[in-house]
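Fold and contact review
In case you want the letters, here they are:
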Amino acid sequence: KNILFFRNDSKEVVEIGKLKNEKEQNYTGFRTVKPNRFITLAEKFIIPGDLIVVGSGANATVEFKPKSMTADLANTVLQSPILEDSLLHINRIFTVPLPIIYDGKLTFPKKGYDGRFNSWLPYNSPEITNTEMSLEETKKIVHEMFKEFVLKSYQDYVNAIAGLITPFLRGLYPKFNCRTPVFFYLANRERAGKDYLAGITGLVYEGAALEEPPICNSDMKWTSDDELRKKILSAFLAGRKRLHFANNKGYLDNAVFEAIITSEKYTDRILGKNESPIFDNELEFSLSGNVGISFTPDLANRSRFARLFLEIEDANARKFERPNLHKWVLENRGLILSAIYALVRNWIEKGSPDGSVNFASFPEWARVCGGIMEAAGYDSPCTPDRESLTLGGDSETMDMKMLFELCYEKRPEMPITKWQIREIIGQESEIFSYLDFSKRSDQTKFGNKITKFVGRILSDIKMVVRDSSVRSSRQEFIFTKQKADIDKSKIFGDFYNKDGNVGNLDNLSTLNNKNKDFIKNDIDRLPTLRKLPNNEENCENNTPNEEVEEKKEENKTQ
């Protein structure tokens, strides 16, 4: 009946229904079937009971006596390998029809159960309504969504578009759990619209602008790692595909969050059970915060920023052409998905060119999303955003950069102790303002930071230890002028190919964004779009096709 499924990752019998997050917002997800729930569901279709012998001897007969299942019996059935083998196996829930490269062809998941992807697509999910949309019309629709946001620059506009289309691209990677960057919506003040902007992505893909509580706030600096682990595990158990942590404040430093951004697998122990299921990490993450929030270098380098800058004094005095944008997005999900699909189709018809700018942490995303954006005439979303990092983001690196400059200015090429470095910091109120050097704990933190940056080059200044054999508390440092050395022959000797790849450093150069409008007028119209790829292919009666399964095994072997 396609009511119960067996999840391969959590090893549980599940059903698909409506769940709620911490803010009481509804979404479609997996629900673990408990014994009492199983009894209720099963008895819609069967009448359980006992066979009772009536009479004796030659007159004995067997009669069926209805009797409801006990909780113990229902639990036994739910743990049965027979039931596990009989139920359809499921791995994921799609909230919208995503384009998926399957057997070398572009296709879409079926509504309901699809055995090719062990997936479920709700019957009421939006559809791609316009299969003949031109690139020009697509860009007008995209512009219509973003034009009234106070985006600070053209690159912020590009990154906002990338944030919108990224969840749509998961089926275009070599595997579903390829990782994607965090999209960070930053504003210079409250009421600038950062979460309203992030909410558009939630509305398009989930039908609601779902938000989670902040990972960090001013009072509690950062959320407990254990609490975040529980939230993330809960998201995996529910089959979530996206988490947006809204209105973060203070210093964002969470090792659990930084690790999961780039991890293709996630495992944790389920509360109350001695089980640690392993999940494919198909989650998309986004954050929001106002300028003043700071974060670690690891998070900064794994994020793409969309900055908003509101100049006027009274944010509520603004007037909008479309005052209820979220309502319009919700009513036009099919149109917006058609526009996003047109960007994908345009990329495929142009030969699926790779993005021109590398992103070492997320190479597949850079190849696909960067390629799609550039094929449509936008700039690359992989272009590093130095300004966002400067304006209060990666505060540790920025503070150290200023410290390198100050130390070289005051004691160039001369030995200097940690005490003398702290004395220089005391003369500058702008750097390391969060450290109190009268406290032993903060002195230790600063010592660890110094150690972390030994050998680093910032502003063409390198910090080196004068004598590494000396005890750390008595070590002296020298700040010397030196540019980054990328001569790998010093490491690999004669085996290093001097003509080889040295990290694609040239790709980091920022593309020329001057004099670019959001909508380009010289776009050629595309030929009529072919029909959507057949999503019925190799699927019959909503059950896996044996021939398809054999083909999949053959492909795996190859």
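Please refer to the structure higher up on the page.
Below, the structure is looked at part by part. Model, not experiment: these values are computed from the prediction.

On to helix H8 (residues 255-262), then. Residues three or four positions apart in an α-helix share a direction because the helix packs 3.6 residues into each turn. Where H8 is concerned, the buried positions are Val256, Phe257, Glu258, Ile260 and Ile261. Between the side-chain oxygen at the start of H8 and the backbone nitrogen of Val256 there is a gap of 3.0 Å, and the oxygen is on Asn254.

Moving on: the sheet that holds strand E7 (residues 92-93). Read across the open sheet, the three strands follow the order E7-E11-E10; overall the sheet is mixed. Looking at strand neighbours, the two that pair on one side only are E7 and strand E10 (112-114), the edges of this open sheet. Relative to strand E11 (residues 119-121), E10 runs antiparallel, the two sharing three bridges. When the bridges of E11 are listed, Asp114 appears paired with Ser119.

Moving on, we get to the side chain of Asn254. Residue placement: Asn254 occurs in the loop between strand E14 (251-252) and H8. Within the structure, the side chain of Asn254 is placed 3.0 Å from the backbone nitrogen of Phe257, a separation counted as a polar contact.

Let us now look at the environment of Leu169. One can find Leu169 in the loop between helix H5 (154-165) and strand E12 (182-187). With sequence-adjacent residues up to four places away left out, Leu169 is seen in contact with Val344, Val368, Cys369 and Ile372.

Position of Ile90 relative to the elements: it lies in strand E6 (residues 88-90). A sequence separation of 76 residues divides Ile90 from Val14, and the C-alpha atoms of the two residues are 9.0 Å apart. If we skip the residues at most four places from it in the chain, Ile90 touches Phe5, Phe6, Arg7, Asn8, Val14, Ile16, Phe30, Tyr113, Asn118, Ser119 and Trp120.

Turning next to the pairing of strand E3 (residues 26-32). Taken together, the seven bridges between strand E2 (residues 12-20) and E3 define a ladder with antiparallel strand orientation. Counterpart to Leu19 in the pairing with E3 is Tyr27.

Interhelical geometry of helix H7 (residues 225-238) versus H8 gives an angle of 35 degrees and a closest axis separation of 8 Å. Contacts from Asp225, Leu228, Arg229, Ile232 and Phe236 of H7 reach H8 at Ala255, Val256, Phe257 and Ile260. Here the contact of H7 with H8 is composed, by residue class, of seven nonpolar, no polar and two charged.

With that out of the way, let us pick up helix H12 (residues 363-375). Here H12 spans 17 Å end to end across 13 residues, near enough to the 18 Å set by a 1.5 Å rise per residue. Buried residues belonging to H12 abut H5, E12, strand E19 (303-308) and helix H11 (333-349). Backbone geometry just after H12 places Gly377 at a positive phi near 100 degrees.

This brings us to the packing of aromatic side chains. Considering all chains together, one arrives at 22 aromatic pairs under this definition. On the numbers, 6.1 Å between centres and 70 degrees between planes, the contact of Phe183 with Trp365 is edge-to-face. Residue Phe183 is located in strand E12, and its partner Trp365 is located in helix H12; the two are separated by 182 residues in the primary sequence. By relative accessible area, which is 5% here, Phe183 ends up buried. For Trp365, a relative accessible area of 0% translates into the label buried. By way of ring pairs, the aromatic residues Phe5, Tyr113, Trp120 and Tyr123 are connected into one cluster. Its end group placed over the ring of Phe176, Arg92 keeps NZ or CZ at 4.1 Å from the ring centre.

Attention now moves to the pattern of salt bridges. Inspection of every chain in the model, using the stated rule, returns 25 salt bridges. Salt-bridge contacts for Glu264 lead to Lys175; the nearest nitrogen and oxygen are separated by 2.9 Å. Of this pair, Glu264 sits in the loop between H8 and strand E15 (265-267) while Lys175 sits in the loop between H5 and E12, and the two are 89 residues apart along the sequence. Take Glu264: its relative accessible area is 30%, and that puts it in the partly exposed class. Look at Lys175 and you get partly exposed, because its relative accessible area is 40%. A salt bridge links Arg466 to Glu476, with the nearest nitrogen and oxygen atoms 2.7 Å apart. Taken together, the residues Arg466 in the loop between strand E22 (461-465) and strand E23 (476-481) and Glu476 in strand E23 connect sequence positions 10 residues apart. Accessibility expressed as a relative area gives 52% for Arg466, which makes it exposed. One network of salt bridges, in which partners are shared, links Glu144, Lys147, Glu321 and Arg322.

The pairing of strand E1 (residues 5-7) with E2 spans three bridges and is antiparallel. Each bridged residue has a counterpart across the sheet, and for Arg7 the counterpart in E2 is Glu12. Connecting E2 to the antiparallel partner E3 that follows it, the hairpin turn spans five residues, and Glu24 within it adopts a positive phi of roughly 60 degrees.

A word on the sheet that holds strand E20 (residues 415-417). Spatially, the four strands line up as an open sheet ordered E20-E23-E22-E21, and their pairing is antiparallel. Each of the sheet's edge strands pairs with one partner strand only, and the pair in question is E20 and strand E21 (457-458). Looking at chain direction, E22 and E23 are connected through five bridges and run antiparallel. By the bridge assignment for E23, Val465 is matched with Phe477. The strands touched by helix H15 (residues 418-426) within the sheet are E20 and E23, with E20 carrying the most contacts at an inclination of about 80 degrees.

On to the nonpolar core. Phe146, Ile200 and Phe257 are the most contacted members of the largest nonpolar core, which has 95 residues in total. The element contributing the most residues to this core is H5, with eight residues. Counting 20 residues, the second-largest nonpolar core is a separate cluster that includes Cys407, Ile421, Leu458 and Met463.

What counts as what
Residues numbered from 1 in each chain as written. Predicted model: local features only at pLDDT ≥ 70, side-chain atom pairs only at ≥ 80, totals over all residues. Heavy atoms only, no water. Buried < 20%, exposed > 50% of the residue type's maximum accessible area, 1.4 Å probe, protein only. Helix = DSSP H or I, 4+ residues; strand = E, 2+ residues; numbered from the N terminus. Polar contact = N/O pair within 3.5 Å; in protein donor to acceptor, adjacent residues only side chain to side chain. Pairing = 2+ DSSP bridges. Contact = heavy atoms within 4.5 Å. Axes fitted to C-alpha atoms, helices over the stretch in contact; angles between N-to-C directions. Nonpolar A, V, L, I, M, F, W, Y, C, P; charged D, E, K, R; others polar. Expected span 1.5 Å × (residues − 1). Phe/Tyr/Trp six-rings, centres within 6.5 Å; stacked < 30°, edge-to-face > 60°. Lys NZ or Arg CZ within 6 Å of the ring centre and 35° of its normal. Salt bridge = Lys/Arg side-chain N within 4 Å of Asp/Glu carboxyl O. Core = buried A, V, L, I, M, F, W, Y, C linked by side-chain atoms within 4.5 Å.

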